[in-house]
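# Coordinate inspection notes
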Amino acid sequence: MQSEVHMDQPVLVVMRLADMRRVHPRQDNSRVCVECGAAVGIYPSGQAMLRRHPRLHLVCNRCSDPDAFSVLVPGAEAEPSESVPGPAAKKQ
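This section reports on the structure supplied with the text. The residue numbering used here restarts from 1 in each chain and proceeds along that chain's sequence as written. At least 70 in pLDDT is required for a residue's local features to be given in this predicted model, at least 80 for side-chain atom pairs to be given and counted, and no such filter applies to totals for whole chains, interfaces and linings, which use all residues. Excluded from the side-chain calculations are hydrogens and water; all other atoms, namely the structure's heavy atoms, are used.

### Let's talk about the sheet that holds strand E1 (residues 11-16)
So the rule is basically this: If DSSP finds at least two bridges between two strands, the strands pair. Counting from the N terminus, the helices are DSSP H or I runs at least four residues long and the strands are E runs at least two residues long. Axis definition: a line fit to C-alpha positions, over the contact stretch in the case of helices; interaxial angles, taken between N-to-C directions, run 0 to 180 degrees. The contact criterion used is simple: two residues touch if any of their non-hydrogen atoms lie within 4.5 Å.
Strand order in the open sheet made by the four strands is E3-E4-E1-E5, with mixed pairing throughout. Each edge of the sheet is formed by a strand with only one pairing partner; in this case those strands are strand E3 (28-32) and strand E5 (57-60). Pairwise comparison of adjacent strand axes, ignoring direction, gives a mean angle of 50° for this sheet. Both E1 and strand E4 (residues 39-42) contribute to a ladder of two bridges, which runs antiparallel. The residue of E4 that forms the bridge with arginine 16 is valine 40. Taken strand by strand, helix H2 (residues 44-52) contacts E1, E3, E4 and E5, and its axis lies near 90° from that of E4.

This is the structure:
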């Protein structure tokens, strides 16, 4: 079920907590996807983007259109090395 929020609103694509293979010690787990309501994790770079652009809508990796987004948030490249195994990694 995809809504039209990402067609005309600024969007930050984030991972569902359940899908995260790695989690960051300083990530924010208190938010949900605006389209499906799933809990999402927001890495520090995404949090910084939200502080600069508070009107961004959070859309999870399953609800987003993968062909429409291709830019990483500044700082996101370094964060995987600071992360630890997450819920999705524990399922395997």
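### Regarding H2
Stated formally: Exposure classes here rest on a 1.4 Å probe applied to the protein chains alone. A residue is buried below 20% of its type maximum, exposed above 50%, and partly exposed in between.
Along H2, seven of the nine residues are buried, which leaves the element largely enclosed by surrounding structure. Of the residues making up H2, those classed as buried are Pro44, Ser45, Gly46, Gln47, Ala48, Met49 and Leu50. As for H2, its buried residues are in contact with E1, E3, E4 and E5.

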